Amino acid sequence: MTLLDIDRLSLAIGSHRILDDVSLTVRAGETLGIVGESGSGKSLTALSVMRLLPAGARLAGSIRLDGVDLLATSERDMCGIRGRHIGLVFQEPMTALNPVHTIGDQIAEAVRLHLPLGRADTEARVTRLLDRVGLASQRVGPDRYPHQLSGGQRQRVVIAIAIACDPKLLIADEPTTALDVTVQAQILALLREVAAEDGASLVLITHDLAVVAETAERIAVMKDGRVVEEAATLDLFNAPRSDETRRLIAATTAAPRTVPPPPADAPVLVAAEGVDRAYPLPRATLFGPRRQARVLHDVSLSIRAGESVGLVGESGSGKSTLARTILALDRPNAGTVRFRGEDLFALPPAGLRAVRPGIQAVFQDPYGSFDPRQTIARIVGEPLHLLGADCPGDERRRRVVEALEHVGLSAADAERYPHQFSGGQRQRIAIARALAMQPDLLVLDEPVASLDVSIQAQVLNLFLDLRQQLGLTAVFISHDLGVVHHVSDRVAIMYLGRIVELSDTVPLFERPAHPYTRALLDSVPKLGAGRGAFSAVAGEIPSPLNPPPGCAFHPRCPFAGPRCSVERPILKAGADAPGTVACHLYDGGTGA
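Every chain begins its residue count from 1, and numbering advances along the sequence as written. Only residues with pLDDT of at least 70 are given local features in this predicted model, and only at 80 or more are side-chain atom pairs given and counted; all residues enter the totals for whole chains, interfaces and linings. Values reported for side chains reflect all heavy atoms of the structure, with hydrogen atoms and water molecules removed beforehand.

1. Considerations on the overall build of the protein
Selection criterion: Labels follow the DSSP assignment, with helices taken as runs of H or I lasting at least four residues and strands as runs of E lasting at least two, numbered in each case from the N terminus. Throughout, radius of gyration means the C-alpha value; the globule benchmark is 2.2 Å times the number of residues raised to the power 0.38. Buried means the residue's accessible area, taken with a 1.4 Å probe over protein chains only, is under 20% of the maximum for its type, while exposed means over 50%, and partly exposed covers the values in between. The contact criterion used is simple: two residues touch if any of their non-hydrogen atoms lie within 4.5 Å. Only the protein chains shown count as cover for residues, with accessible areas throughout obtained via the Shrake-Rupley method and a probe of 1.4 Å. Positive charges come from Lys and Arg, negative ones from Asp and Glu, while His and the chain ends are left out of the count. Every charge is mapped onto a representative atom, which is NZ of Lys, CZ of Arg, CG of Asp or CD of Glu.
Broken down by element type, the protein carries 20 helices and 22 strands. Relative to a compact globule of 592 residues, whose C-alpha radius of gyration would be 25 Å, the protein shows 25 Å and is just as compact. When the backbone C-alpha atoms are referred to their principal axes, the protein occupies close to 70 × 65 × 55 Å. Of all 592 residues assigned to the protein, the portion counted as buried reaches 53%. For the protein, the proportion of contacts with a sequence separation of at least 24, taken over those separated by at least 6, is 68%. For the protein, the accessible surface area stands at approximately 25,500 Å², while carbon and sulfur atoms represent 52% of it. Distance from the positive charge centre (62 side chains) to the negative charge centre (67 side chains) of the protein: 4 Å.

And the structure:
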């Protein structure tokens, strides 16, 4: 039985035609994946079903939900359908939730709008919903505010709101974009579980084919506002008919390119030794002790000239804090960071300014780090002002053009503005700005987290080309092991402020030692693995305010024994481990 029937749907906003002759069906209890790159029309198809389009939008065709023509339904009646019969999970939960209302009030609002329940019954339903989406087990109550939750917890709240009234159709629009790979697996498992329990249909919208490969029964591929292919999941991957589908599959399954690692006797360029970092927190009471959140614990990491080291871990593992310390932007409480043999935090201000051009950063969101009123020439050339008289105007312009050409852009692009470029092009500009200083060390913090898979592949290949051409040393930070596999010679796995495994890249992927590393790899969706093949590690990373005793991973570890909860393992070489690992399984004993 068909629940949702979209027939020859077209959408125009102003003079722009956004959707063109889109036809899709979703059967009762079915999961349909809609895949395509940014701008393909995926999200606007979902918003058309919800009738949540901007002013001036013109729709043609038909959208029927259980036989009811939604395009002919009045706005008053649509208010009774949204939330009651169709639930929508938004891409960015922090913008979907109201920051000044508790999560309990926001879930209750959805219940009160559609169900004739009293206050006590509404509160009981909110409690059941929090338990159903896994927040009760994490001790998250209805009195919490959105800013007090992690990204994965906020997404669970949005799902609770969407399913509050048991809708027949659940639409999830990029529900896992930029989430940690372990949290992504948990959210996908939760969506699948909720839809199965309620007998609801699920429409999962994403730019990642691997995500829908393990979740959806059918997949529709969109490009430029059209559905270019629709088929059962296995049929689509085994015999893709459209060029767009083949291109997306190729981008998702591309084998990692290899760049020769530096020689074993290459000098150490940067070395962090025994780094600790703790942030002071407000006192719990007026005269109480001042608390601290310790986010790095005795971290040591050396990187050779020409080497690329990946830092991997969930949000809250300490990756970005370690990166800021290496960039000399965050002074550690203990330990040293040496660059070219010099202790960065022992240098006087003038000495540190002289060193900074050799260490440059590429941030996660280039649009947020650019001034939208400045030209690309000004943005890329801005760091060169630090060089003063050593880089006069003509030399500055030459280096700006050279940096743009290094990343595949042209001199003509220098006079354009950030909004005139795509997401992938803006990330290239961010890399160009770093390269303009001709650095020895590049620190890249989640540089491809929110990009489409094909654009992601282009940026990663560009990075590999630049490593070969310029002999760059790099620290590549990501929560995605698949990305790190492409670009790193060695990988450091971090958990709650400590490095728990450090190994060369290929052996780590072939024989991961630490249970946390295995959990990260198992959480990555893979094409061709079949529905539900990925596994989600239980729980979330603990708070640094209240770290578990012993091994910090033991509350989530399937191999944990009594020893793990009382004795912290030391990072060292293990008998069967490919590198160094902090786990009692490899220190001559077991967790027992």
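What follows picks up the thread again.
2. What about the sheet that holds strand 8 (residues 201–206)?
Worth spelling out the cut-off: Only strands that DSSP links by at least two bridges are regarded as paired with each other. Orientation is described by lines fitted to C-alpha atoms, with helices fitted over the stretch in contact, and by angles between N-to-C directions that extend from 0 to 180 degrees.
Pairing is mixed across the open sheet formed by six strands, whose spatial order is 6-7-8-3-9-10. Only two strands of the sheet have a single neighbouring strand rather than two, namely strand 6 (86–89) and strand 10 (226–232). With direction set aside, neighbouring strand axes in the sheet form an average angle of 15 degrees. Judged from the five bridges that link them, strand 7 (residues 169–173) and strand 8 form a sheet pairing that is parallel. Each residue of the ladder has a partner; that of isoleucine 171, found in strand 8, is valine 203. Strands strand 6 and strand 7 of the sheet are contacted by helix 6 (residues 151–162), whose axis makes an angle of about 170 degrees with strand 6. Those strands touched by helix 10 (residues 243–253) are strand 3 (31–35), strand 9 (218–223) and strand 10, and its axis lies near 105 degrees from that of strand 9.

3. Thoughts on unusual backbone geometry
Positive phi values are uncommon outside glycine, yet aspartate 66 reaches one of about 55 degrees. Note on aspartate 66: relative accessible area 33%, which makes it partly exposed. Not every positive phi belongs to a glycine, and glutamate 446 is a case in point at roughly 50 degrees. Here glutamate 446 shows up in the loop between strand 17 (441–445) and helix 17 (453–470). Glutamate 446 sits in the buried class, given a relative accessible area of 9%.

4. Quick look at the side chain of threonine 102
Mapped onto the secondary structure, threonine 102 falls in the loop between helix 3 (93–96) and helix 4 (103–114). Each residue touching threonine 102, except ones within four places of it in the same chain, is listed here: Pro142, Asp143, Arg144 and Tyr145.

5. Quick notes on the pairing of strand 7
The buried fraction of strand 7 is high, at five of five residues. Across the two faces of strand 7 the burial is the same, with Leu169, Ile171 and Asp173 and Leu170 and Ala172 all buried. Two elements, strand 6 and strand 7, share four bridges in a ladder whose sense is parallel. Looking at the pairing, valine 89 lines up with alanine 172 of strand 7.

6. Considering helix 6
Worth spelling out the cut-off: The span you would expect from a helix comes to 1.5 Å times its residue count less one.
Spanning twelve residues, helix 6 covers 17 Å between terminal C-alpha atoms, matching the ideal 16 Å at 1.5 Å per step. Of all twelve residues making up helix 6, ten are buried, and the element is well covered by its neighbours. All buried positions along helix 6 are accounted for by Gly152, Gln153, Arg154, Gln155, Arg156, Val157, Val158, Ile159, Ala160 and Ala162. For helix 6, the secondary structure elements touched by its buried residues are strand 6, helix 3, helix 4, helix 5 (119–132), strand 7 and helix 7 (181–198).

7. Quick word on helix 20 (residues 515–522)
In terms of burial, helix 20 is a largely internal element, six of the eight residues being buried. The complete set of buried residues in helix 20 reads Pro515, Tyr516, Thr517, Ala519, Leu520 and Leu521. Contact partners of the buried residues in helix 20: helix 7, strand 13 (308–312), helix 18 (481–487), strand 19 (490–495), strand 20 (498–504) and helix 19 (505–510).

8. Points about the sheet that holds strand 20
Across the sheet, eight strands lie side by side as 16-17-18-13-19-20-22-21; this open sheet has mixed pairing. Since the sheet does not close on itself, it has two edges, and those belong to strand 16 (359–362) and strand 21 (572–573), each with one partner. The pairing of strand 13 with strand 18 (residues 473–478) spans five bridges and is classified as parallel. Within the sheet, the bridge partner assigned to serine 308 lies in strand 18 and is alanine 474. Packing of helix 17 onto the sheet brings it into contact with strand 13, strand 17 and strand 18, and relative to strand 18 it is tilted by some 160 degrees. Contacting strand 13, strand 19 and strand 20, helix 20 crosses the sheet at an angle of about 100 degrees to strand 19.

This is a description of form; function is not addressed.
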